[in-house]
Amino acid sequence: MKNFIANHHSELIYSLVVFIIILILKFLFTTAVRKVSKLSDFNPVRTNLIIKFINIALTIIAIIALTLVWSVNYKELGVLLSSVFAVIGVALFAQWSILSNITAGVILFFSFPFKIGNTIRILDKELNDSDADNLDTFVIEDIRAFHLHLRRSNGEILTYPNNLVLQKGVILISTYREGEFLNTEEEKV
């Protein structure tokens, strides 16, 4: 054990530095996300989901940094990683919409002008009921990593992918604030 520590003294110190930097970044990013969430009155579930994504990204960065610190043989690691990424690449290519929905979920967290309880109208031909005289309105029940839960005016629950919310036009009809619904036109006055 003493031999190992003596031979890898600098690598152990650099590894400790990497862990400290990752912990500091985790604290800073988590604090920033919680402040944005509190200021924008986001759902705690959404906040925890974004923090989970940040933790995953920081873990990947830490693994990459540690492989650089310990000067891993990249030829052997390259063969292993290329095999793993080939399998993962095929799976992700088949499921690219999952990645786009997660990315859209993160974007919606930081720039989504709608909150849970708001009434919206989505400008999507396939979504709106062609038999109805007026366009369908939806109340946002929940915002998840992959999709929104929307309640139709007739009571049906609909799951709508996050990436389509970014692609389609969305009209805010009313906002839910402190137990009452406000029309967006009333809010402007």
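It should be noted that the structure appears before, not after, this text.
Residues numbered from 1 in each chain as written. Predicted model: local features only at pLDDT ≥ 70, side-chain atom pairs only at ≥ 80, totals over all residues. Heavy atoms only, no water.

J.: Could you clarify how one ought to interpret the overall build of the protein chain in this entry?
T.: From N to C terminus, the protein chain includes seven helices and six strands. Starting at the N terminus and walking to the C terminus, you meet the elements of the protein chain as α-α-α-α-α-β-β-β-β-α-β-β-α. Expressed as a percentage of its 189 residues, the buried residues of the protein chain come to 26%. Surface exposure of the protein chain reaches about 12,900 Å², of which carbon and sulfur atoms provide 65%. (Helix = DSSP H or I, 4+ residues; strand = E, 2+ residues; numbered from the N terminus. Buried < 20%, exposed > 50% of the residue type's maximum accessible area, 1.4 Å probe, protein only. Areas by Shrake-Rupley, 256 points an atom, 1.4 Å probe, with all protein chains shown as cover.)

J.: How do you make sense of the pattern of salt bridges when you look at a structure like this?
T.: Oppositely charged side chains are able to pair whenever their charged atoms sit close together. Tallied over the full model, the rule gives five salt bridges. Here Asp124 and Lys168 are joined by a salt bridge, their closest N and O atoms 3.8 Å apart. Taken together, the positions of Asp124 in the loop between β1 (119-123) and β2 (138-143) and Lys168 in the loop between α6 (162-167) and β5 (169-177) put the pair 44 residues apart, joining distant regions of the chain. The exposure class of Asp124 is buried, given its relative accessible area of 7%. The shortest N-O distance in the salt bridge between Arg151 and Glu141 comes to 3.1 Å. (Salt bridge = Lys/Arg side-chain N within 4 Å of Asp/Glu carboxyl O.)

J.: Is there a simple way to think about the side chain of Thr30 in this case?
T.: Mapped onto the fold, Thr30 is located in helix α2 (residues 9-40). The exposure class assigned to Thr30 is buried, which follows from its relative accessible area of 15%.

J.: Looking at this model, I keep getting lost on the side chain of Asn101. Mind explaining?
T.: You can see Asn101 is positioned in helix α5 (residues 96-111). The residues touching Asn101, leaving out its near neighbours within four places in the chain, are Ala145, Phe146, Pro161, Asn162 and Asn163. (Contact = heavy atoms within 4.5 Å.)

J.: What is the right way to look at the pairing of β2 in this model?
T.: One ladder, built from two bridges, connects β1 with β2; its direction is antiparallel. Residue pairing in the sheet places Thr119 in a bridge with Val139 of β2. Bridge count between β2 and strand β3 (residues 147-152): five bridges; the pairing is antiparallel. Its bridge partner lying in β3, Asp142 is registered against His149. Hairpin remark: β2 followed by β3, antiparallel, with three residues in the connecting loop. (Pairing = 2+ DSSP bridges.)

J.: Help me understand a nonpolar patch on the surface, please; the structure alone is not making it clear to me.
T.: Taken together, the side chains of Leu16, Ile20, Ile24, Phe27 and Leu28 make up a nonpolar region of the molecular surface, amounting to roughly 520 Å² of accessible area. Here Leu16 lies in helix α2. Judged by relative accessible area, Leu16 falls into the exposed class, the value being 52%. (Patch = residues over 30% accessible without salt bridge, like charges linked within 9 Å, V, L, I, M, F, W, Y side chains within 5 Å.)

J.: In this structure, what is going on with the packing of helix α3 (residues 44-69) against α5? I would like to understand it.
T.: In a packed pair of helices, the relevant descriptors are the angle between the two axes and the axis-to-axis distance. In the contact formed by α3 and α5, the axes pass within 11 Å of each other and the chain directions differ by 125°. As judged from the angle between their axes, α3 and α5 are oblique. For the element pair α3 and α5, the recorded crossing hand is left-handed. Facing α3, whose interface residues are Arg46, Thr47, Ile50 and Phe53, α5 presents Ile102, Gly105, Val106, Leu108, Phe109 and Phe110. Looking at the contact of α3 with α5 residue by residue, the classes come out as seven nonpolar, two polar and one charged. (Axes fitted to C-alpha atoms, helices over the stretch in contact; angles between N-to-C directions. Parallel < 35°, antiparallel > 145°, perpendicular 65-115°, else oblique. Left-handed = near helix turned anticlockwise from the far one by under 90°. Nonpolar A, V, L, I, M, F, W, Y, C, P; charged D, E, K, R; others polar.)

J.: When you look at the environment of Ser174 in this model, what are you seeing that I'm missing?
T.: The topology assignment puts Ser174 in strand β5. Since its relative accessible area comes to 8%, Ser174 is described here as buried. In this structure the C-alpha to C-alpha distance between Ser174 and Phe114, which are 60 residues apart in sequence, comes to 9.7 Å.

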